[in-house]
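The chain contents come next:
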Amino acid sequence: MPTPSCAPARSGSMPVAGRRALLGGAVAASVAYLAVSPPLGLWASVTEWGADYRTATGEQREVAMADGAVLQMNTQTRVNLQRRGEGGESIELLAGEAEVVTEASAVARVTVAAAGGTVSAVRARFNIRNLDGEVCVTCLAGQVEVARGAQQVRLDEGRQLRYGAAGLGAVAAVDTGPVSAWRRRQLVFNQVPLSEVVAEVNRYRHGRLVLTSEALGRSKVQASFSIDRLDDVAMLVRDVYGAQLTQLPGGIVLLGMAKA
């Protein structure tokens, strides 16, 4: 008669090798997900690693183009450049923000593609942001043309529009100073909700500011910050709005309402 095994048999139990394979597959899937969708945006998505030019957090960069135009790249920006048949270059803004400046004597049209739309100009200066597929275009000098699908709009100096999946938005007059302040390494906010201020600061700052109070996020901010001293923002929120700060590893700071 066979000697009984010391360990009781488990009906329907998975072999050790199978469990290891299942665990390995789950880990690989998790790593792949984090590569494509970084938590809190703490690193660049793998889909953007192959860009021709990219800037790190807090970094700015200038790229001289073949047709004489200059591309000023802001923080966390990724672009591709493509040669055109007539010898010029077109820009694809994958993510981030840039200012494009064309020469006063330019005759070739500079074109920027972003999130299904195009922005073009001959002699102009304009700012373009592509954040999460929502694009904002501001004409700083001259004239620019914005097109998406069958829609097309011309922007004069001091005019701005936004577009996304729903198409082109309305043209609006704006103060261009805060729009281009990053070129002077400044962030300027004129009565902007704190939630928007935090989102903007996080683009330049290593780590993350996280609002834990919707009421605090609705507070209006009138301030100017140096990009080189953004660690002071959390302290300012504490001092001005009485917020409670919680410091976490990795430069993460929680901003919440102070307890009564």
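The notes below deal with the structure included here. Values in this document were obtained by computation on a predicted structure and should not be read as measured data.

Conventions adopted
Residues numbered from 1 in each chain as written. Predicted model: local features only at pLDDT ≥ 70, side-chain atom pairs only at ≥ 80, totals over all residues. Heavy atoms only, no water. Helix = DSSP H or I, 4+ residues; strand = E, 2+ residues; numbered from the N terminus. Buried < 20%, exposed > 50% of the residue type's maximum accessible area, 1.4 Å probe, protein only. Contact = heavy atoms within 4.5 Å.

All right, on to the overall build of the chain then. Regarding its fold elements, the chain presents 5 helices and 18 strands. Relative to its full complement of 260 residues, the chain shows a buried share of 39%. Considering only intrachain contacts with a sequence separation of at least 6, the fraction spanning at least 24 residues in the chain is 43%.

This part covers unusual backbone geometry. In this structure, Gln 76 takes a positive phi of about 50 degrees despite not being glycine. Turning to its location among the elements, Gln 76 is positioned in the loop between β3 (70-73) and β4 (78-83). The phi angle at Asp 132 is positive, at roughly 55 degrees, despite the residue not being glycine. Following the sequence through the fold, Asp 132 ends up in the loop between β8 (124-131) and β9 (134-148).

Along the chain, Leu 94 falls in strand β5 (residues 89-101). Its relative accessible area of 28% is what places Leu 94 among the partly exposed residues. Each C-alpha atom of the pair Leu 94 and Ala 114 lies 6.5 Å from the other, and the pair is 20 residues apart in sequence. If near-sequence neighbours (up to four positions away) are discounted, Leu 94 is found in contact with Ala 51, Arg 78, Val 79, Asn 80 and Asn 130.

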